[in-house]
Amino acid sequence: MSFKSAVITFPGSNCDRDALCYLKDLTKGEVHNIWHEETSLPKVDLVILPGGFSFGDYLRSGAMASKSKIIDEVVKHANDNRYLLGICNGFQILTEIGLLEGALIRNKKLKFLGKNCFIKKKFKNNFNLSIKDNQILQIPIAHNEGNFYCDIETLNLLKNNEQIAFEYCKGEFSNTEENINGSIEAIAGITNKKKNVLGMMPHPERAYSDFHQSQDGRLIIESLIS
Amino acid sequence: MNEELILQHGLTLDEFQVIRKYLNRDLSIEELGIFSAMWNEHCCYKTSKKWLKKLPTDNEIVIQGPGENAGVIDLKDNDGIAFKIESHNHPSYIEPFNGSATGVGGILRDIFTMGARPIATLDSIRFGLIETEKTKYLLNGVVHGIGHYGNCIGIPNIGGECEFESTYDFNNLVNAMAVGHVQKDKIFYSKPKSIGGLIVYIGSKTGKDGIHGASMASDVFSEEDEDEKRPSVQVGDPFMEKLLMEGCLELMSSGLIESMQDMGAAGITSSSVEMASKGNVGVHINLDKVPLRQPLSAYEILLSESQERMLAVIDKKNNHKVREILQKWQIDYEVIGEITDTKRVVFESNNKKVVDLPVEIIVDDAPEYDREFYIPRKRKNKDFDFSKIKLEDMIINLLTNLNYLDKSWVFDQYDSTVMGDTIREPGQSSGIVKIHGTQKVIGASTDCNPLYIRINPYEGMKYTVAESYRNLIACNINPLAITNNLNFASPLDPNIMGELVLSIHGLKTAAVKFNTPIVSGNVSLYNQTNEIPIKPTPVIGMVGSNMDLNKINTNKFCEIGNKILILGKQLTKNCSPYLLQDQKIAFNICEFNDLEVLDLDFEKKIANCVLELSDLKCIMSCNDISRGGIFSALLKMQYKNMGFRVKVPDPIDLFCEYSAGYVIEIRSKDFEEVTSFLTKKGAEYLEIGEIIKEGIEINSKKFDYFDIMNKYRNDFEKIIS
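A short tour of the structure in this document, coming up.

About the thresholds
- Residues numbered from 1 in each chain as written.
- Chains lettered and ligands numbered in written order.
- Predicted model: local features only at pLDDT ≥ 70, side-chain atom pairs only at ≥ 80, totals over all residues.
- Heavy atoms only, no water.
- Helix = DSSP H or I, 4+ residues; strand = E, 2+ residues; numbered from the N terminus.
- Core = buried A, V, L, I, M, F, W, Y, C linked by side-chain atoms within 4.5 Å.
- Buried < 20%, exposed > 50% of the residue type's maximum accessible area, 1.4 Å probe, protein only.
- Domains from an automatic or database assignment.
- Pairing = 2+ DSSP bridges.
- Axes fitted to C-alpha atoms, helices over the stretch in contact; angles between N-to-C directions.
- Contact = heavy atoms within 4.5 Å.
- Phe/Tyr/Trp six-rings, centres within 6.5 Å; stacked < 30°, edge-to-face > 60°.
- Lys NZ or Arg CZ within 6 Å of the ring centre and 35° of its normal.

Moving on, we come to unusual backbone geometry. All names here are of chain B. A positive phi is found at Tyr45, a non-glycine position, where the angle reads about 50°. Structurally, Tyr45 can be placed in the loop between helix H4 (41-44) and helix H5 (49-52). Its identity as a non-glycine residue notwithstanding, Met419 has a phi of 80°, on the positive side. Relative to the assigned elements, Met419 resides in the loop between helix H17 (408-411) and strand S14 (431-434).

This next bit is on the nonpolar core. Formed by 264 residues in total, the largest nonpolar core has its most connected members in Phe166(A), Ile202(B) and Tyr662(B). The element best represented in this core is helix H20 (residues 494-514) of chain B, accounting for nine residues. Counting residues domain by domain, this core receives three or more from each of domain 1 (1-39 + 189-366) and domain 2 (553-721) of chain B. The next biggest cluster of nonpolar side chains, apart from the first, holds 47 residues, and it includes Cys43(B), Val290(B), Ala298(B) and Ile339(B).

Let us now look at the sheet that holds strand S3 (residues 79-87) of chain B. Hydrogen bonding along the main chain pairs the strands of a sheet, whether they run parallel or antiparallel. Residues and elements named next belong to chain B. The strand order across the open sheet formed by six strands is S1-S2-S3-S6-S4-S5, and the pairing between neighbours is mixed. Edge strands, defined here as strands with exactly one partner in the open sheet, are strand S1 (62-64) and strand S5 (157-164). Looking at each pair of strands side by side, their axes are set apart by 20° on average, direction ignored. Where S3 lies against strand S6 (residues 173-183), nine bridges are found, and the strand directions are antiparallel. Looking across to S6, one finds that Gly80 is bridged to Val182. On top of the sheet, helix H8 (residues 133-153) reaches strand S4 (117-127), S5 and S6; it is set at about 175° to S4, its chief contact.

The next thing to look at is the packing of aromatic side chains. The geometry of an aromatic ring pair is captured by the separation of the ring centres together with the interplanar angle, meaning the angle of the planes. By the definition in use, this model includes 17 aromatic pairs over all chains. Where Phe55(A) meets Phe239(B), the ring centres are 6.5 Å apart and the plane angle is 45°; that geometry is what we call tilted. One end of the pair, Phe55(A), is in the loop between strand S3 (46-49) and helix H2 (71-79); the other, Phe239(B), is in helix H11 (residues 238-253), on a second chain. One exposure class covers both Phe55(A) and Phe239(B), and it is buried. Their ring planes at 70° and their centres at 5.1 Å tell us that Tyr452(B) and Tyr463(B) sit as a pair that is edge-to-face. Here Tyr452(B), found in helix H18 (residues 450-455), pairs with Tyr463(B), found in helix H19 (residues 457-474); they are eleven residues apart in sequence, far enough to count as distant. Here Tyr452(B) matches Tyr463(B) in class, with each residue buried. An aromatic cluster is built from Phe127(B), Phe164(B), Trp409(B) and Phe716(B), whose rings are joined through pairwise contacts. Residue placement shows Lys563(B) over the ring face of Phe671(B); its charged tip is 5.4 Å from the ring centre.

Put into structure tokens, the structure is as follows:
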């Protein structure tokens, strides 16, 4: 049975094409591109909310996109226990919809960060099954607002429910700090309680091809398919 | 018309008389505005045209040379590459964030106007000395602006250069370059096809921003001007540009557009006049139809440089379909006029013709000057005293000079991997991206050696072109074509004019030899403030390709134990300008010896050796040798805690500049093959050492690897904050 997936495009999305290629190349299944004004979503195994600057980041990153017509369908898809992945701006949109806890605020140094970062998995879920404990992944980040923040009660909930999927760490030869953007507890990605919705700041769709600097981004799709 | 008004519009009284005589009537204020916009240096190249004509602009791969929004070259199959560089110097000094952001926005529009999807940007930015707060403010603002615009629209920034030097204190330079991919059978030009075609306005509403921007860009600055001119700086909205880009590319790929022109410098005036001139037709535009942000006079509409706007010509029957597509992208769209057969530019407002001019007088009769120029005097050669200089000091001099330090602080603020096709990241000798869906890669580099050019504009320019060339060769990229951005001070000074003329000659000589024609470019003059001229800064953007992405070289060390070889010819230490300047041996520009003549045939010979060895997979990594010599090249190559152990006759040799200089890393097992290949080709080489773990060793002297690397990687940020 082939793996079906879809990518939502909002005005200002700029990683939608990358996400489509990522899915096509790795799932070998049907991949749909859905415009934000559509009101129905095909039945697929995975939906990606891609990175970019949906609606120009006006108001707040992800805030306008979270009110798009397609979002009702995206929520239904998630409530149906199917996979939903928000990458970068997609993560921001998921927190604005309320499918994920917390918020993404400006990076600690108040500057955009476009570089390789290193992450490892924290708690096991279906998105990181194929990743070994303590395995360090090299995946690019490119964001201005990627500093994950939540209050202490929420943080405890995230921990107790094992909702933290990825955390930033130091690479073997890297010159970067352990917690690259100042996120609370170096959180790079979290899931919902049911663990079928993942939001992450790093871009796995930029780290999968042979010519990319790293192929570690494959592991997420491999985890979902396995 | 009173003289003051004419001069305020940047026209000389002589120029005005030419117009007055031709028309044999008085001009309306709107018409005066049009001449002000079209006859300034920025739009009509009146000073440089005579010399630019001498440049080679064509060869077998050029599809479109200068004269369109961007040049286009052939990359085999149906792939074309459109590219251009453009300056936004003055706006970026007055308002660094918006000035640099709109510089990126403008150059991206030039690319997608041709029907090309932008796939990469690069930039070349220069600032004054970092010791002043003003420079820190400018650096922060410019880098933020470039990043903000490019990151949001989602085009990877793959490289460039960033330098600091005192002559840029009051005249920072911001040159932005963009590269796009176009299907050869779907290139769009600004020439309209049919009489009666509708002229349509696409994009942001028109506001007051940027009125007279183009004439400001052709003006000498004084410090007091700065506040006064701020309203002339455009404000950019990259989100709107993203929508505009997607909307326009969709219109073009649907075959709904006849021709397109970006409303850049001098806005609707320049774009409509160009359209009429290219097509040898007339235009009739009703200014009342132009979508406005605020109430504006006809004069203001004509000269506004509001961003993210396009002018297109469509067939009447497509009007509805065009509107539908643009509605999806939430873009303003209005039919504002028509292509006519009158060969006149007519603008009407409130049922009155406010402008009615023959295209000929605006474009063909634009002034062209043959300005006086001086050839620099021949320099006397002398020997400098190197006896007091110690190796440790030379290293420290590099590590305390911003120009040598790792500039991740800059690059990290740019998204270099969006679009998923980036192969090299910034900070390497050239940026490389894949053509989507193919195995082909495009490499690009921007360079300039202002110090060399001030010493000897002709030879210095040859070195600048050669440096770009080497940057591509080092990655195993075949250099193909050039875009240039000639940044100079006031051409009214015959010495400056001499630098302009001679450097264009140098560019010509090198471009002919390398078979890399100049397909697009930009000129920025009058870069001087308070009588301080910038160093001549003709920036080169060179583009090349490799048909197989698996064949490109990295600039980073690969393996401990591999051997380090040097190719090329060292410049003598008395004739290595950056060595003399940066090691504090020569201070004043008149002290320097003349440049050694650069042998371009030798450059080509060595380059071909590097390309052939790369194809034989004998080169593990390669970097070109430029400012800072072998030592600086080796620092840039360090990776994963790999360092180097080298032996040279004289440590100063490690800091001298080179012609055709490359550092190559080879495996011991390939040593015989490589050296006999080089010997056969008559290319001298120098085996200087090997790659070692966590060490830097020069002539048996050991240096603290981590201390040097920490300074190299982290001190840039410390110094600029």
